[in-house]
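Architecture and fold: a report
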Amino acid sequence: MARNVQITFDCADPAGLAAFWAEALSYRLQDPPEGFESWEQALEAMGVPPESRNNASAVVDPEGSGPRLFFQRVPEGKQVKNRVHLDVRAAPGLEGDARMAALEAEAERLVSHGAIRLRRYEPAPPLDAGHIMMADPEGNEFCLD
């Protein structure tokens, strides 16, 4: 039986990074606990002080098939290149110029939401169809593939 996986990001701004990744992956913010209309209402009822209300956030696949992404505030900033990163499949089934054009369009869209474009890798057959290396608003690398 396959296990569920959650991907956890250490970050400075959980709400901001969750909003970025929800946009990037067509995910949505996780619903508040049952009986609450908003996270603000739930956190107030739980007695979480205002200064601690952005300590964590999560986004989920609206179809329920992809992993949950969890964002937790940590005091230190990012230090070095990620050893693990996400590949966002932005051009499935496309090849050549059409593939790279789709990746460029997605790169532009994500830059408008705070991403940073790092480098474009041209197609190098037979194995690499080309991709664009990006970073999220806190510098975590990911690829548009």
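Above this text sits the structure in question.
Residues numbered from 1 in each chain as written. Predicted model: local features only at pLDDT ≥ 70, side-chain atom pairs only at ≥ 80, totals over all residues. Heavy atoms only, no water.

1. Some thoughts on the pattern of salt bridges
Evaluated as defined, the whole model comprises 11 salt bridges. With a closest N to O distance of 2.4 Å, Arg109 and Glu23 form a salt bridge. Here Arg109 is found in helix H3 (residues 96-111), whereas its partner Glu23 is found in helix H1 (residues 14-25), with 86 residues between them in sequence. For Arg109, a relative accessible area of 27% gives the class partly exposed. Between Glu122 and Arg120 there is a salt bridge, and its shortest N-O distance comes to 2.6 Å. For Glu122, a relative accessible area of 47% gives the class partly exposed. In this structure Arg120 comes out as partly exposed when scored by relative accessible area, which is 30%. One salt-bridge network, in which partners are shared between bridges, spans Glu104, Arg117, Arg120 and Glu122. (Salt bridge = Lys/Arg side-chain N within 4 Å of Asp/Glu carboxyl O. Helix = DSSP H or I, 4+ residues; strand = E, 2+ residues; numbered from the N terminus. Buried < 20%, exposed > 50% of the residue type's maximum accessible area, 1.4 Å probe, protein only.)

2. Structural notes on the environment of Phe142
Position of Phe142 among the secondary structure elements: in strand S8 (residues 141-144). Judged by relative accessible area, Phe142 falls into the buried class, the value being 0%. Taking the C-alpha atoms as reference points, Phe142 and Ala24, 118 residues apart in sequence, are found 11 Å from one another. Ignoring anything within four residues of it in the chain, the contact list for Phe142 reads Phe20, Trp21, His85, Leu86, Val88, Leu110, Ala115, Ile132, Met133, Met134, Ala135 and Asp136. (Contact = heavy atoms within 4.5 Å.)

3. What about the sheet that holds strand S3 (residues 56-60)?
With mixed pairing, the 4 strands of this open sheet are ordered in space as S1-S4-S3-S2. Each edge of the open sheet carries a strand with a single partner, namely strand S1 (6-11) and strand S2 (28-29). By the bridge criterion, 2 bridges tie S2 to S3 in an arrangement that is antiparallel. By the bridge assignment for S3, Leu29 is matched with Val59. Taken strand by strand, H1 contacts S1, S2, S3 and strand S4 (68-73), and its axis lies near 160° from that of S4. (Pairing = 2+ DSSP bridges. Axes fitted to C-alpha atoms, helices over the stretch in contact; angles between N-to-C directions.)

4. Re the sheet that holds strand S5 (residues 86-88)
The 4 strands lie next to each other as S5-S8-S7-S6, forming an open sheet whose pairing is mixed. Edge positions in the sheet fall to S5 and strand S6 (116-121), since each of these pairs with one other strand and no more. Between one strand axis and the next, the sheet turns by 25° as a mean value, whatever way the strands run. Relative to S8, S5 runs parallel, the two sharing 3 bridges. Counted as the bridge partner of Val88 is Leu144 from S8. Against the sheet, H1 makes contact with S5 and S8, and its axis sits at roughly 45° relative to S5, the strand it touches most. Across the face of the sheet, H3 comes into contact with S6, strand S7 (131-135) and S8 while running at roughly 10° to S7.

5. A few points about the environment of Ala135
Within the secondary structure, Ala135 sits in strand S7. Between the C-alpha atom of Ala135 and that of Gly114, which follows or precedes it by 21 residues, the distance is 9.0 Å. Beyond its immediate stretch of four places on either side in the chain, Ala135 contacts Ala115, Ile116, Leu118, Asn140, Glu141 and Phe142.

6. A look at the nonpolar core
Ranked by internal contacts, the top residues of the largest apolar core, which has 24 residues, are Trp21, Phe71, Leu110, Met134, Phe142 and Leu144. Of all the secondary-structure elements, those providing two or more residues to this core are S1, H1, S4, S5, H3, S7 and S8. At 6 residues, the largest contribution of residues to this core is made by H1. Setting aside its immediate chain neighbours within four residues, Trp21 contacts Phe9, Leu69, Phe71, Leu86, Val88, Asp136 and Phe142. (Core = buried A, V, L, I, M, F, W, Y, C linked by side-chain atoms within 4.5 Å.)

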